[in-house]
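Reading the structure
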Amino acid sequence: MRDAYGHLRTAKLGYAINLVTEAVGAVGRPALHLAMSHRVFVAAVKVEHVSPTKSSPSDSSTSDGTAGIVIDDVTHEYQPARGRPVLALDHLNFTIRPREFIALLGPSGCGKSTLLYLIGGFMRIQNGRITVSGQLVTGPGSDRGIVFQHFALYPWKTVRENVLYGLTKQRLPKSERLEIAERFIQLVGLRGFEGSYPSQLSGGMKQRVAIARTLAIDPGTLLMDEPFGALDSQTRALMQEELIAIWNQSPKTVVFVTHDVREAVLLADRVAVMSARPGRLKEMVDTRMPRGLNADVAETPEFIEKVKYIWNLVRDEAVAAERQR
Ligand code: ADP
Ligand code: MG
């Protein structure tokens with residue numbers, strides 16, 4: 001549970017945050033008690049100096065609910081109680097256009113999750129600034145939906161209740177909320193499991209519930225941290241197709257962290273390749289392909305060429321990251 005620094009890992013922070021994303025008000029508290037799926041256990045998680053002020057959907061989304069993101073000279077250094085400070089991001093700059101699908105690639109430990117948490121407003125921005133739709137990020141908001149690397153569900157709620165939970169704060173009639181929940185449960189292929197509890201589901205199914213819960217809220221900005229990493233390859237391919245279909249139906253700004261170069265090229269308009277820690281932007285590669293539910297795209301010479309090009313960029317950085325160890 002604790003890392004070399006004696007601190008809870010960011011991934012665990014992710015669990016905490018996901019569980020309270022909807023209960024935004026709670027995030028400002030210094031410690032959160034949470035129960036996690038699998039083994040239900042309680043942990044006190046310190047959330048880093050999150051400002052109690054938070055943006056609301058109305059003040060941080062454009063009128064059509066979409067958002068562009070500006071990352072302006074962002075530096076982030078972790079200062080663990082024990083051990084040396086870790087410079088995770090170093091003067092990072094880039095702009096994501098409204099409704100653009102960006103994939104974030106880079107070696108393990110280069111600061112991808114850190115960047116996602118900062119955009120999500122879950123950690124204080126130490127240096128630089130991030131704006132979403134022109135609004136400075138000062139805390140979490142329901143305009144930004146996040147799917148963490150590790151599924152985080154309420155173990156005591158059923159699939160339906162987990163998906164419904166995020167919708168409770170939207171002022172919709174109950175029947176409409178139920179209808180939305182059913183639609184997204186079906187979309188992620190979990191029809192028939194509405195009444196199941198997380199403990200009765202496989203890892204991949206749990207992650208699909210987490211994805212359904214976030215998508216159901218229909219945030220203008222979708223932040224996804226290796227969301228398909230735990231899925232088997234078949235489910236992963238299906239979920240990729242679904243994500244493209246959802247994005248086509250209701251384009252939103254997406255920041256999608258992945259290790260998988262093919263997945264990045266398949267899904268994204270542009271791929272941001274980050275350098276080994278401290279994370280900087282190494283190169284932004286245009287990867288817009290004719291999208292659709294057409295798996296043949298991956299067979300085209302253009303696609304194969306892009307994958308090769310990006311893979312070479314990533315490999316150089318992975319080698320650099322290995323040397324840091
Ligand atoms: P990625 O998601 O790209 O693998 P992270 O953003 O999780 O990388 O982490 C970036 C760097 O910051 C890594 O070296 C990691 O070990 C370090 N780090 C992450 N969280 C903490 C923390 N809470 N305390 C100290 N160091 C951390
Ligand atoms: Mg990560």
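These numbers come from a predicted model, not from an experiment.

Remarks on the pattern of salt bridges
One pass over the structure, following the stated rule, counts twelve salt bridges. With a shortest N-O distance of 3.9 Å, Arg129 and Asp72 are connected by a salt bridge. Note that Arg129 is positioned in strand β6 (residues 127–132) and Asp72 in strand β3 (residues 69–78), a separation of 57 residues in sequence. Taking the relative accessible area as the measure of exposure, Arg129 reaches 42% and is therefore partly exposed. Its relative accessible area of 33% is what places Asp72 among the partly exposed residues. Between Arg288 and Asp269 there is a salt bridge, with the nearest N and O atoms lying 2.6 Å from each other. Here Arg288 is found in the loop between β12 (281–286) and α9 (301–324), whereas its partner Asp269 is found in the loop between α8 (261–267) and β11 (270–274), with 19 residues between them in sequence. Beyond isolated ion pairs, a larger network of salt bridges with shared partners links Arg97, Glu100 and Arg270.

Some points on the sheet that holds β12
Sheet architecture is open: six strands sit in the order β8-β9-β10-β5-β11-β12, paired in mixed fashion. Either end of the sheet is taken by a strand with one partner, and the two such strands are β8 (144–147) and β12. Strand-to-strand twist in this sheet, taken as the mean axis angle between neighbours without regard to direction, amounts to 15°. In this sheet, strand β9 (residues 221–225) lies alongside β8 in parallel orientation, the contact comprising four bridges. Looking at the pairing, Arg144 lines up with Thr221 of β9. Against the sheet, helix α6 (residues 203–216) makes contact with β8 and β9, and its axis sits at roughly 180° relative to β8, the strand it touches most.

Details of the environment of Leu223
Tracing the backbone through its elements, the reader meets Leu223 in strand β9. With relative accessibility at 0%, the residue Leu223 sits in the buried group. When the C-alpha atoms of Leu223 and Thr253 are compared, they prove to be 8.4 Å apart, with 30 residues separating the residues in sequence. Non-local contacts of Leu223, meaning those with residues more than four positions away in its chain, are made with Leu116, Ile119, Gly120, Arg144, Gly145, Ile146, Val147 and Val255.

Quick notes on the sheet that holds strand β4 (residues 86–96)
Sheet architecture is open: four strands sit in the order β4-β3-β6-β7, paired in antiparallel fashion. Each edge of the open sheet is held by one strand with a lone partner, namely β4 and β7 (135–136). For β3 and β6, the ladder comprises five bridges, and the chain directions are antiparallel. When the bridges of β6 are listed, Ile69 appears paired with Val132. The sheet contacts of helix α3 (residues 112–120) involve β3, β4 and β6, and relative to β3 the element is tilted by about 120°.

Re the nonpolar core
Counting 50 residues, the largest nonpolar core has Phe101, Ile211, Leu243, Phe256, Val271 and Ile310 as the members making the most contacts within it. For this core, the leading source of residues is α6, giving seven residues. Leave out the neighbours within four places in its chain, and Val271 touches Ala103, Leu105, Ala264, Val265, Glu283, Met284, Val285, Thr287 and Ile310. Counting residues in each nonpolar core, the second largest holds 31 residues, with Val74, Ile102, Leu104 and Cys110 among its members.

Some remarks on helix α4 (residues 159–167)
In an α-helix there are 3.6 residues to a turn, and that puts residues three or four apart on one side. Residues of α4 that are buried include every one of Val159, Asn162, Val163, Leu164, Gly166 and Leu167, and no others. At its buried positions, α4 is contacted by α5 (174–187) and α6.

Comments concerning the confidence of the model for the protein chain
Chain-level pLDDT for the protein chain is 79 on average; 77% of the residues reach the 70-or-more range. Of the regions scoring below 50 in pLDDT, residues 1–66 engages in 131 contacts with residues more than four places distant in sequence or in other chains.

Topic: the pairing of strand β5 (residues 101–105)
Among the five residues of β5, five are classified as buried, and the element is accordingly described as predominantly covered. Inspection of the sheet shows β5 paired to β11 by four bridges, in the parallel sense. When the sheet's bridge partners are listed, Ile102 is paired in β11 with Arg270.

What counts, and at which threshold
Residues numbered from 1 in each chain as written. Chains lettered and ligands numbered in written order. Predicted model: local features only at pLDDT ≥ 70, side-chain atom pairs only at ≥ 80, totals over all residues. Heavy atoms only, no water. Salt bridge = Lys/Arg side-chain N within 4 Å of Asp/Glu carboxyl O. Helix = DSSP H or I, 4+ residues; strand = E, 2+ residues; numbered from the N terminus. Buried < 20%, exposed > 50% of the residue type's maximum accessible area, 1.4 Å probe, protein only. Pairing = 2+ DSSP bridges. Axes fitted to C-alpha atoms, helices over the stretch in contact; angles between N-to-C directions. Contact = heavy atoms within 4.5 Å. Core = buried A, V, L, I, M, F, W, Y, C linked by side-chain atoms within 4.5 Å. pLDDT = per-residue confidence, 0-100.

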